[in-house]
Amino acid sequence: MLEEKVYQIISDQLGVEKDKLSPDKKLIEDLGADSLDVVELIMAFEEEFGVEIPDEDAEKIQTVGDIIAYLKEKVGE
Amino acid sequence: MLNLSNKKALVTGSTRGIGKAIAKRLSQLGAKVIVTGRSEERAKEVAKQIGNGAEGYYLNLKDRESIRELHEKIGDIDILINNAGITKDNLFLKMSEEDWEEVIGVNLTGVFLMTKEFVKGMIKKRWGRIVNITSVVGLVGNVGQVNYASAKAGIIGFTKALAKELASRNITVNAVAPGFIETDMTKGLPEELKRKYMEEIPMKRFGKPEEVASVVSFLCSEEASYITGEVISVSGGLA
């Protein structure tokens, strides 16, 4: 469920097909995100999941899997 | 012919002077215009004069909450004109820290806060126009205006840096630098000083608010889609 939402947001934001996404994909290197895309993604996750993601945490996020793991811990799923 | 139909444009400080002329011009070109000022009554009155669906709202640029409230009321916008500005002139030796803070607060920090509040919507839409009204004083300086010149020069740096950050999102950020324009702000200048300025202006006259508005409206249009990070003087050759 959480994965599905995360995939949807990334797909919308970066214009990448959902079936091309997997946990090991790196946002910048593999999915072509630029630094502003990453900020927008973080904002979109904050909005969707009602959490606040501090810059120190956001900087550590590199892959789709990182996001899912981070949000699972934050949301407590 | 420039066409701004289906665009929502917010002009700060648009109850008089250059801001009012810009609001009028954008409205004539089809934009839905939001007039703002420190007097709600005056803002509504000007919006009514402009017509064409224009709306007037109170806005205090030193108050983040006021900016957020305005955003809630009007929603996202396509065009932001950071025009509002004040002066608290004095010779540097006599300039108080309060007069410094006040002018930097409204003229520069106000631009930061407004842009921060409204840029997200433009990023989402992948379209936006931001035009910051600076001043030739920010380019060449002026006696008695250390605070104003600093704020206006700051706006130029702000414009150039933000233009680079937002270029990939199809949002242009430009600045227009008026010279001496016939407004309430320059009306109060002593006659002798006005004469002195006049001598320095190659065109030998003050500009009209409409002459600034026409450049601003061009920068807001599709025709100006490849111009970003620029500062355009409208100063009769002064700077």
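None of the values given here were measured: they were computed from a predicted structure.

S.K.: In this structure, what is going on with unusual backbone geometry? I would like to understand it.
M.R.: When glycine is set aside, most residues are seen to have a negative phi, and most peptide bonds are trans. Residue and element names in this part refer to chain B. Within the chain, Asn 6 stands out as a residue other than glycine whose phi angle is a positive 70 degrees. In this structure, Arg 126 is a non-glycine residue whose phi angle is positive, near 60 degrees. Within the secondary structure, Arg 126 sits in the loop between helix H4 (97-125) and strand S5 (128-133).

S.K.: Looking at this structure, how should I read the interface of chain B and chain A?
M.R.: A common way to state how big an interface is: give the accessible area lost once the parts meet. Taken together, the contact between chain B and chain A spans eight residues of the former and seven residues of the latter. Carbon and sulfur atoms supply 45% of the area that chain B and chain A bury against each other, a total of about 510 Å² over both sides. Connecting chain B to chain A are four salt bridges. Across the pair Arg169(B) and Glu40(A) runs a salt bridge, and its minimum N-O distance is 3.0 Å. Summed over the shared surface of chain B and chain A, the result is four residue pairs in polar contact (both at pLDDT 80 or more). Listing elements by their share of the side of chain B that touches chain A, those giving two or more residues are H4 and helix H6 (146-166) of chain B.

S.K.: Would you take a moment to explain helix H4 (residues 64-75) of chain A for this structure?
M.R.: Working note: α-helix, 3.6 residues per turn, so residues spaced by three or four point in the same direction. Residues and elements named next belong to chain A. The end-to-end C-alpha distance of H4, which contains 12 residues, comes to 16 Å, matching closely the 16 Å that a straight helix rising 1.5 Å per residue would cover. Buried residues of H4: Val 64, Gly 65, Ile 67, Ile 68, Tyr 70 and Leu 71, and no others. Note on H4: the residue one or two positions beyond its end, Gly 76, has a positive phi of about 80 degrees.

S.K.: What's the story with the packing of helix H1 (residues 17-28) of chain B against helix H9 (residues 209-220) of chain B in this structure? I'm lost.
M.R.: In helix packing, the relevant descriptors are the interaxial angle and the interaxial distance, both defined with respect to the helix axes. Residues and elements named next belong to chain B. In contact at an axis separation of 8 Å, H1 and H9 are set at 50 degrees when each is read in the N-to-C sense. As summarised for this structure, H1 and H9 are arranged oblique, according to the angle between their axes. In this structure, H1 crosses over H9, and the sense of that crossing is right-handed. Two secondary-structure elements touch here, H1 through Gly 17, Ile 18, Ala 21, Ile 22, Arg 25 and Leu 26 and H9 through Pro 209, Glu 210, Val 212, Ala 213, Val 216, Ser 217 and Cys 220. A per-class count over the contact of H1 with H9 returns nine nonpolar, two polar and two charged.

S.K.: Got a minute to help me understand the pairing of strand S6 (residues 171-178) of chain B in this structure?
M.R.: Moving residue by residue along a regular strand, the side chains alternate between the two faces of the sheet. All names here are of chain B. Counting buried positions along S6 yields eight of eight residues, so the element is predominantly enclosed. The side-chain alternation of S6 yields two buried faces, one formed by Ile 171, Val 173, Ala 175 and Ala 177 and the other by Thr 172, Asn 174, Val 176 and Pro 178. Judged from the four bridges that link them, S6 and strand S7 (residues 231-234) form a sheet pairing that is parallel. Note that in S7 the partner of Val 176 across the bridge is Ile 232.

S.K.: Honestly, the pattern of salt bridges in this entry has me stumped. Any pointers?
M.R.: Any two side chains of opposite charge can pair, given that their charged atoms come close. Using the criterion set out here, one finds 18 salt bridges over all chains in the structure. Residues Lys32(B) and Glu55(B) are paired through a salt bridge, measuring 3.0 Å at the closest nitrogen-oxygen approach. With Lys32(B) in strand S2 (residues 32-37) and Glu55(B) in strand S3 (residues 55-58), this residue pair connects regions lying 23 residues apart in the sequence. Take Lys32(B): its relative accessible area is 30%, and that puts it in the partly exposed class. Taking relative accessible area as the criterion, Glu55(B) reaches 28% and is therefore assigned partly exposed. Between Glu65(B) and Arg68(B) there is a salt bridge whose closest N-O contact spans 3.6 Å. You can see Glu65(B) and its partner Arg68(B) sitting in helix H3 (residues 64-74), three residues apart, about one turn around the helix. A single network of salt bridges, built from pairs that share partners, joins Asp34(A), Asp37(A), Glu40(A), Arg126(B) and Arg169(B).

S.K.: Got a minute to help me understand a positive patch on the surface in this structure?
M.R.: Residues and elements named next belong to chain B. Together, Arg 64, Lys 116, Lys 120 and Lys 124 give the surface a local cluster of positive charge. At three residues, H4 tops the list of elements feeding residues into the positive patch. If you trace the backbone, Lys 124 turns up in helix H4. A relative accessible area of 60% means that Lys 124 is categorised as exposed.

About the cut-offs
- Residues numbered from 1 in each chain as written.
- Chains lettered and ligands numbered in written order.
- Predicted model: local features only at pLDDT ≥ 70, side-chain atom pairs only at ≥ 80, totals over all residues.
- Heavy atoms only, no water.
- Helix = DSSP H or I, 4+ residues; strand = E, 2+ residues; numbered from the N terminus.
- Contact = heavy atoms within 4.5 Å.
- Buried area = accessible area lost by both parts, 1.4 Å probe.
- Salt bridge = Lys/Arg side-chain N within 4 Å of Asp/Glu carboxyl O.
- Polar contact = N/O pair within 3.5 Å; in protein donor to acceptor, adjacent residues only side chain to side chain.
- Expected span 1.5 Å × (residues − 1).
- Buried < 20%, exposed > 50% of the residue type's maximum accessible area, 1.4 Å probe, protein only.
- Axes fitted to C-alpha atoms, helices over the stretch in contact; angles between N-to-C directions.
- Parallel < 35°, antiparallel > 145°, perpendicular 65-115°, else oblique.
- Left-handed = near helix turned anticlockwise from the far one by under 90°.
- Nonpolar A, V, L, I, M, F, W, Y, C, P; charged D, E, K, R; others polar.
- Pairing = 2+ DSSP bridges.
- Patch = residues over 30% accessible without salt bridge, like charges linked within 9 Å, V, L, I, M, F, W, Y side chains within 5 Å.
- Areas by Shrake-Rupley, 256 points an atom, 1.4 Å probe, with all protein chains shown as cover.
- Lys, Arg positive; Asp, Glu negative; His and termini not counted.
- Charge placed at Lys NZ, Arg CZ, Asp CG, Glu CD.

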